[in-house]
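# Residue-level structural notes
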Amino acid sequence: MYTAIGYAAQSATTPLAPMTFERRSPRADDVAIDILYCGVCHSDIHQARNEWGIAVYPLMPGHEIIGKVTAVGANVTHHKVGDLVGVGCMVDSCRECEACRADLEQYCFEGMTQTYASPDRVSGGHTMGGYSDSIVVSEHFVLRIPQTLDPASAAPLLCAGITTYSPLKHYGVKAGDKVGVLGMGGLGHMGIKFAKAMGAEVTLFTRSASKAEEARRQGADHVIVSTDAEQMAAAAGRFNFLLDTIPVQHDLNPYLDTLHFDGVHIIVGLVEPVDPPVHAAKLIMGRRVLAGSLIGGIAETQEMLDFCAEHNISCDIEMLDIRQINEAYSRMIAGDVKYRFVIDMAALKA
């Protein structure tokens, strides 16, 4: 064991504050990482404030980690000291079930071990995340960061990136398809970039007409203001795919009307009951599919990083000092970030 330092919440009502804690020494298959950057995900806020009712304290968030390898275990073969690497939303799984054998560790039948606030299946206790100076992770869950990617803006790719890339790839988005992206926050702007790079014709659905220019800067071909009944009616039956990144309850029915027959509406932002209910006729009458998707497996996440390097895709970020994390949370809740905060860990080590 060795002593690490990070920022953690001690309860659902206390701000994040510095804390020392113990990390394990590297096992034979482990990679020890000096953390350089960590993205800030909205789920970090949900967890820190126990808004999902599953938090354990002390709770140290952070699952968009970029760092340098400082040590490797005796059995490690894919990473060496000095490599630039990443750690995303999970750090372990059973590795034996059907899902794990299919490189879909996020759907592990026993439950994936998340990067923070998750029971450690080997040593007990709970995992501590990337709002810290270092981390030790099994080699299987450590990702290679391509040299052409900017390390800081690559951090959110490990959650926001794979969350939007995986469903587009899984459902076969290809050149000429018409893809609608619902919402343009951290997930939405990445969805636009990926769908465009895959050759699709991309439309942003937004409640705000003021986002039209920004959407086109991100690569969108069209913008539909979802509160405009005439624009929504004109879009009926147009889309092959809808990537729904909206994180709060919203009415899916008007969007389902915009799908072509055999169209797919993919939810990646909402993790609570759908309200109001979906009218089943909107699915039946067009053989439409309402689907969901959760991040991606390790192999697919590496594929996504390589795709980003090939197509010059990164996340739009704003850098912050770890000492500003509570202010950043307030700004995120207010929607005052384009589009992802990334923590520079230098101040934590000063």
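Scope of this entry: the structure provided in the associated data block. Worth saying up front: this structure is predicted, and the values here are computed from it rather than measured.

Taken together, 6 strands build an open sheet; the order of strands is S12-S11-S10-S13-S14-S15 and the sheet is parallel. The sheet is open, and its two borders are formed by strand S12 (222-225) and strand S15 (289-292), each paired with just one other strand. If you compare each strand with its neighbour and ignore which way they point, the axes differ by 20° on average. With 5 bridges joining them, strand S10 (residues 178-182) and strand S11 (residues 201-206) adopt parallel strand pairing. In the sheet register, Val181 faces S11, and the bridge partner there is Leu204.

Right, let's get into the side chain of Ser153. Mapped onto the elements of the fold, Ser153 is located in helix H3 (residues 151-154). On the accessibility criterion, Ser153 (8% relative accessible area) is buried.

So, about helix H5 (residues 186-197). Here H5 contains 12 residues, and its C-alpha end-to-end distance of 17 Å stays within 8% of the 16 Å for a straight helix at 1.5 Å per residue. Buried residues dominate H5, accounting for 10 of its 12 residues. Residues Gly186, Leu187, Gly188, His189, Met190, Gly191, Ile192, Lys193, Phe194 and Ala195 constitute the buried set of H5.

What follows covers the nonpolar core. The nonpolar side chains of a soluble globular protein tend to be buried, and buried together. Counting residues in each nonpolar core, the largest one holds 94 residues, and the members touching the most others are Val40, Tyr131, Phe194 and Ile325. If we skip the residues at most four places from it in the chain, Val40 touches Glu64, Tyr131, Leu320, Ile325, Tyr329, Met332, Arg340, Phe341 and Ile343.

Let us now look at the environment of Pro247. Turning to its location among the elements, Pro247 is positioned in the loop between strand S13 (239-244) and helix H8 (253-256). Assessed through its relative accessible area of 53%, Pro247 is described here as exposed. Non-local contacts of Pro247, meaning those with residues more than four positions away in its chain, are made with Gly269, Leu270 and Glu272.

Inspection of the secondary structure puts Val179 in strand S10. For Val179, a relative accessible area of 0% gives the class buried. Taking the C-alpha atoms as reference points, Val179 and Phe141, 38 residues apart in sequence, are found 31 Å from one another. Leaving out residues up to four positions away in the same chain, Val179 has contacts with Leu168, Val173, Ala195, Ala200, Glu201, Val202, Thr203, Phe239 and Phe241.

Before going further, it helps to spend a moment on the pattern of salt bridges. For the structure on display, the rule yields 20 salt bridges. Of the charged contacts, one joins Lys80 and Asp83 as a salt bridge, the two residues approaching to 3.0 Å between their closest N and O atoms. The exposure class assigned to Lys80 is exposed, which follows from its relative accessible area of 53%. We note a salt bridge from Arg121 to Glu110, for which the minimum N-O separation is 3.2 Å. A residue pair is termed long-range when its members are at least 10 positions apart, and Arg121 in the loop between strand S7 (113-114) and strand S8 (134-138) and Glu110 in the loop between helix H2 (98-101) and S7 qualify at 11 residues. On the basis of relative accessible area, Arg121 is assigned to the partly exposed category, the value being 33%. Overlapping salt bridges, with partners in common, bring together Asp92, Arg95, Glu110 and Arg121 in one network.

Scoring rules and cut-offs
- Residues numbered from 1 in each chain as written.
- Predicted model: local features only at pLDDT ≥ 70, side-chain atom pairs only at ≥ 80, totals over all residues.
- Heavy atoms only, no water.
- Pairing = 2+ DSSP bridges.
- Helix = DSSP H or I, 4+ residues; strand = E, 2+ residues; numbered from the N terminus.
- Axes fitted to C-alpha atoms, helices over the stretch in contact; angles between N-to-C directions.
- Buried < 20%, exposed > 50% of the residue type's maximum accessible area, 1.4 Å probe, protein only.
- Expected span 1.5 Å × (residues − 1).
- Core = buried A, V, L, I, M, F, W, Y, C linked by side-chain atoms within 4.5 Å.
- Contact = heavy atoms within 4.5 Å.
- Salt bridge = Lys/Arg side-chain N within 4 Å of Asp/Glu carboxyl O.

So, to be careful, I would describe these as geometric facts and stop short of saying anything about function.
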